[in-house]
2 protein chains.
Amino acid sequence: MTEKIKILLAEDETALGTIIKESLETRGFDVLFCTNGEQALNTYRAEKPELLVLDVMMPKKDGFTLVKEIRAENDKIPVIFLTSKSRTEDVVEGFGLGGNDYLKKPFSMEELIVRIHALLDRKRKRESSEEVSIGKYRFNLSKQKLGLGEKEQTLTHREAQLLFHLSENRNAVTDRSLILTQLWGNDDFFNARSMDVFITKLRKKLSEDETVEILNVRGYGYKLVC
Amino acid sequence: MTEKIKILLAEDETALGTIIKESLETRGFDVLFCTNGEQALNTYRAEKPELLVLDVMMPKKDGFTLVKEIRAENDKIPVIFLTSKSRTEDVVEGFGLGGNDYLKKPFSMEELIVRIHALLDRKRKRESSEEVSIGKYRFNLSKQKLGLGEKEQTLTHREAQLLFHLSENRNAVTDRSLILTQLWGNDDFFNARSMDVFITKLRKKLSEDETVEILNVRGYGYKLVC
DNA sequence: GATCTGTTTTATGGAATACAAACAAACTTA
DNA sequence: TAAGTTTGTTTGTATTCCATAAAACAGATC
């Protein structure tokens, strides 16, 4: 299985869209290509891409409206708008905020790729500096680090992912099968046993602060209290 | 002695091709002249030219397909496309092409030479300014240098390429098979082992800043954390 | 209390990965 | 051209990670 970075591309001119798609694929991205706004929204929900490249003017649903709806579900996702000349610039400029960027058509593929990397970089930096407190522990998901005072231990990928899910719902029950489908892909018997093992491992690694506990809620899941 | 700059020229009309070849040679370039896409790919692999001048429409393999394959091996090489009138202009214009340029036939030799120099210039600039920070280290891809404070070590080509890929995705997982196909050409078992060895080498060379680490994500790839 | 069902923990084995060292090929230098 | 060097591949063994198995445990139900 490949873990390429997913980019959602919505562009109604198929000729241009195909060229963009192929160029991005050459650079190692996994491109989800849609030709209208509605399709794009569905694809977004199904695939959860890391970045959006959207034509502003599209049939069914324009780029701005689309972003408003997606931002309601994920307010940090970076977006690059593609705007035709005909579109008045000030509208776009006003929108050129936050995690967004825009490119006036015609643009060079190099420009687009530079901007994609710039936005992904910013996103990475933001994510990699995000440090969560769990009791006395400091937890960094993307660095897979769990620190306490001076000491720091490195978690495995699975451990880190699992702890992240638990910490997102701290002091509330995290559903067993939800974690299983999200991390393991499905919630069959064996994966559930496997997850038990990881719970044990995490408990051990979190054992130095006894205010931090992973409680079981029989039949439902686990609760990280701290 | 300074070597001549190699330019790969692929053009199926031999009359035109010969004229271009000779003009470029007059300007001091070393021109590798091919008359179809397949031959061009082989010549590329054997000679590693610095720049490509390609007819879009060619027998055996057209220019776009050819570039896609070459870009998989070297994603920065500049390309100048030669397009016949018959080719729809808008596709090309919309493309605008990254690190690329295009010339509509008929064109003057002057134009071609100006563009060649422009692209080579850009390439030089990009390469010399390519210095990335990795923790306390400074890394320059095209110079293959890894510096820390006063010290500086030279990386081998493979080491540098690999580190570059990792650093492009820092703090996120870089897919194993993606690296393998991009650097080694395919992701079979043996190349994977070879890559392991390079990961070990890089870890050693990066070991002086312990905030920099290459983590493994079992079954997926590696993550450069810093 | 006996039994059932779901949870916790420790143990085990296989696959993926780590690393050192031997090797081969390409390139330098004398 | 031969000897040394550098680079990348191959090989062999050690280690890590995770899935699965097995066994001990705890609540619930009868």
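The structure under discussion appears in the preceding block.
Residues numbered from 1 in each chain as written. Chains lettered and ligands numbered in written order. Predicted model: local features only at pLDDT ≥ 70, side-chain atom pairs only at ≥ 80, totals over all residues. Heavy atoms only, no water.

### Structural notes on the layout of surface pockets
Residues and elements named next belong to chain A.
Then, in step 1: Approximately 2200 Å³ is the volume attributed to the largest pocket.
Then, in step 2: Taken together, 50 residues make up the lining of the largest pocket; nearest its centre are Lys48, Glu50, Leu141, Gln161 and Phe164.
Then, in step 3: Sorting the residues of the lining of the largest pocket by element identifies strand S1 (5–10), helix H2 (37–47), helix H5 (109–128), strand S7 (137–140), helix H6 (157–168) and helix H7 (176–184) as the ones contributing at least two each.
Then, in step 4: For the lining of the largest pocket, the leading source of residues is H6, giving eight residues.
Then, in step 5: For the lining of the largest pocket, a count of residues per class yields 17 nonpolar, 16 polar and 17 charged. (1 Å grid on protein atoms, 1.4 Å probe; cavity = no way out; pocket = protein on both sides within 12 Å on 5 of 7 lines; lining within 4 Å. Points joined across faces, edges and corners; volume = space filled by probe spheres on them. Helix = DSSP H or I, 4+ residues; strand = E, 2+ residues; numbered from the N terminus. Nonpolar A, V, L, I, M, F, W, Y, C, P; charged D, E, K, R; others polar.)

### Examining the protein's contact with DNA strand C
Then, in step 1: As a structural note, the neighbourhood of DNA strand C is formed by 21 residues, with A:Asp196, A:Tyr222, B:Arg193, B:Arg218 and B:Tyr222 the closest of them.
Then, in step 2: Put simply, 76% of the atoms of DNA strand C that lie within 4 Å of the protein are in sugar or phosphate.
Then, in step 3: Here a phosphate oxygen of DNA strand C sits 3.2 Å away from a polar atom, N or O, in the side chain of B:Arg176.
Then, in step 4: When residues of the surface near DNA strand C are traced back to their parent elements, those giving at least two are helix H8 (189–205) of chain A together with helix H8 (189–205) of chain B.
Then, in step 5: With six residues, the single largest contributor to the surface near DNA strand C is H8(A).
Then, in step 6: Classifying every residue of the surface near DNA strand C gives four nonpolar, six polar and 11 charged. (Near = heavy atom within 4 Å. Polar contact = N/O pair within 3.5 Å; in protein donor to acceptor, adjacent residues only side chain to side chain.)

### Observations regarding the pattern of salt bridges
Then, in step 1: Overall, the coordinates contain 17 salt bridges over all chains when judged by the stated rule.
Then, in step 2: Here B:Lys123 ties to B:Glu50 by a salt bridge, and the two come within 3.2 Å at their closest N and O atoms. Within this pair, whereas B:Lys123 is found in helix H5 (residues 109–128), its partner B:Glu50 is found in the loop between helix H2 (37–47) and strand S3 (51–55), the two being separated by 73 residues in sequence.
Then, in step 3: B:Arg176 is the salt-bridge partner of B:Asp196, the closest N and O atoms lying 2.8 Å from each other. Highlighted residues: B:Asp196 in helix H8 and B:Arg176 in helix H7 (residues 176–184), separated in sequence by 20 residues.
Then, in step 4: Overlapping salt bridges, with partners in common, bring together A:Glu50, A:Lys123 and A:Glu127 in one network. (Salt bridge = Lys/Arg side-chain N within 4 Å of Asp/Glu carboxyl O.)

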